Each structure stands twice: as structure tokens, then as C-alpha cells.
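Given next are the chains, with one letter for each unit.
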Amino acid sequence: MASAEPVRCPWPGADPIYVAYHDTEWGVPEYDGRALFEKLILDGFQAGLSWITILRKREAFRKAFDGFDPERMARWGPDKIEALMADAGIVRNRAKIEAAARSARAFLAIEEREGFSNYLWGFVDGAPVQNRWRALSQAPAQTAMSERLAKDLRARGFNFCGPVIVYAFCQACGLVNDHLVDCFRCEECAALARTS
């Protein structure tokens, strides 16, 4: 007899890639600066698109974007930009690609000064915000915290990081736990936050 499917947030639907992402990544507290950088860049590419579109292209992005190595990305010149514009595996948006290079330079400055992870986690006082939503409609698209963080990121040289994108990033990287209370991942992510 097959075991029952766990109760999860409704947004992944039945898409196996989306379900796996929900079950293993979304809401897990991320403390690695490079991983946080990659996710912030990818969230910027999501602007105007769906996250599943970006998720399906993530491996192509990793290959095209030098493994999201910020030191290499910070040195991208016109030839690299043109090569990326010809890469059908990624989202070919010149403004977003050029912004990724600028964001890499901004990342390096923050990393050197205080550590990118420390910087981001400082906006939630070092501990994930544990929301207890019962319905998707209760979760906000942005918060005062995401507005502050977005403004600060832009001031430091990041682009495509408005408060809505930044809130989605915070949800994805576990700075905010927005799994619904009846989702099996809600308590699991909360426990990860306490022990990380």
C-alpha cells in the first residue's frame, strides 16, 4: 500500500521539478554567501517571468555564468556579454546580463567588508522570520524588511532587486519561512534554522 502524499504548499502543483524544489530547497536557511549570490541573481532574472522558467534553465545559467563565480563575473567584458546574448539556454536579456556583472562587483565589495551572508542575515537579526500562514493569500508580496534590503542592495550596486523580488529571494533562502503551517516543510525548515 502506497504511503499518502505529504501535505505541502499548493504553489508547486504537480510539476516534479517544482515539487522537488519545494521539498528540498525552498525555505531552507542558506548561509553560504556564494549560494545566496547565485539565488539573488537568478531571482533578478525571474523579473517578468515565472520562477519555474528560471528553475528549468538553472543548470544552463550555471554553465553560462561561470558557475556564478563572482570574481569571474565581475570581469565580464563586451565579448562575454555578446556570447551570453547568443546562448539560447538562458534568459537573453542584455540589461539583466549586464546587471549580473555589476552585481558581482557589488557582491565582492560586501564580501570583503563584512561577508555577504552576514550582511543579508543582518536584515532579519540573524534568525529566520517564522511566519505561520494558513493560506497563500496571507503571505505578502513584500514587507518593510524587503523594502529596506532592496533599497540597500540597489545603493550598493545591485539591480533587478526590487522589494517583491527580494521578498521572494528571502522566502527561497530561508531568511523567511513562508511554508504554510499545514505543509510538512514548515516545521522541518524551522528546525533547520534553529540548528544551523
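Note: the structure precedes this text.
Description of the structure in this document. (Residues numbered from 1 in each chain as written. Predicted model: local features only at pLDDT ≥ 70, side-chain atom pairs only at ≥ 80, totals over all residues. Heavy atoms only, no water.)

1. Describing the nonpolar core
Counted only if it meets this: Note on terminology: a nonpolar core comprises buried Ala, Val, Leu, Ile, Met, Phe, Trp, Tyr and Cys residues joined through side-chain atoms within 4.5 Å. Accessibility here uses a 1.4 Å probe with only protein chains present; expressed as a share of the type maximum, an area under 20% marks a residue as buried, one over 50% as exposed, and anything in between as partly exposed. Helix and strand assignments follow DSSP, with helices taken as H or I runs no shorter than four residues and strands as E runs no shorter than two, numbered in order from the N terminus. Note on definitions: a residue-residue contact is assigned when non-hydrogen atoms from the two residues lie within 4.5 Å.
Counting residues in each nonpolar core, the largest one holds 50 residues, and the members touching the most others are Phe45, Phe61, Phe65, Trp76, Phe116, Leu153 and Phe158. It is helix 7 (residues 94–113) that provides the largest number of residues to this core, a total of seven residues. Phe116 has contacts with Gly33, Leu36, Phe37, Leu40, Phe107, Ile110, Glu111, Leu153 and Phe158, leaving out every residue within four places of it along the chain.

2. So, the packing of helix 2 (residues 33–46) against helix 10 (residues 163–172)
For clarity, the cut-off: All axes here are fitted lines through C-alpha atoms, helices being fitted over the stretch that makes contact, and every angle between N-to-C directions spans 0 to 180 degrees. Roughly parallel means an angle under 35 degrees; roughly antiparallel, over 145; roughly perpendicular, 65 to 115; everything else is oblique. If you view the pair so one helix is near and one far, a crossing is left-handed when the near helix is turned anticlockwise from the far one by less than a right angle, and right-handed when it is turned clockwise. Three residue categories are used. Nonpolar comprises Ala, Val, Leu, Ile, Met, Phe, Trp, Tyr, Cys and Pro, charged comprises Asp, Glu, Lys and Arg, and polar comprises the others, including Gly.
Put simply, helix 2 and helix 10 touch, their axes get as near as 10 Å, and they point 140 degrees apart. Comparing the axis directions of helix 2 and helix 10 gives the class oblique. In the packing of helix 2 onto helix 10, the handedness of the crossing is right-handed. Along the contact surface, helix 2 presents Leu36, Lys39, Leu40, Asp43 and Gly44, while helix 10 presents Ile165, Ala168, Phe169 and Ala172. In terms of residue class, the contact of helix 2 with helix 10 is made up of six nonpolar, one polar and two charged.

3. Concerning the state of the cysteines
Counted only if it meets this: The term disulfide is used for any two cysteine sulfur atoms that are within 2.5 Å.
Following the criterion strictly, the structure yields zero disulfides and no others. The thiol of Cys9 is unpaired, and the distance to the nearest cysteine sulfur, on Cys183, comes to 3.8 Å. Of the residues examined, Cys9 reaches a relative accessible area of 2% and is grouped as buried. Cysteine Cys189 is unpaired, with the sulfur of Cys183 as its nearest cysteine sulfur at 7.8 Å.

None of the figures reported here should be taken as evidence of function without further support.
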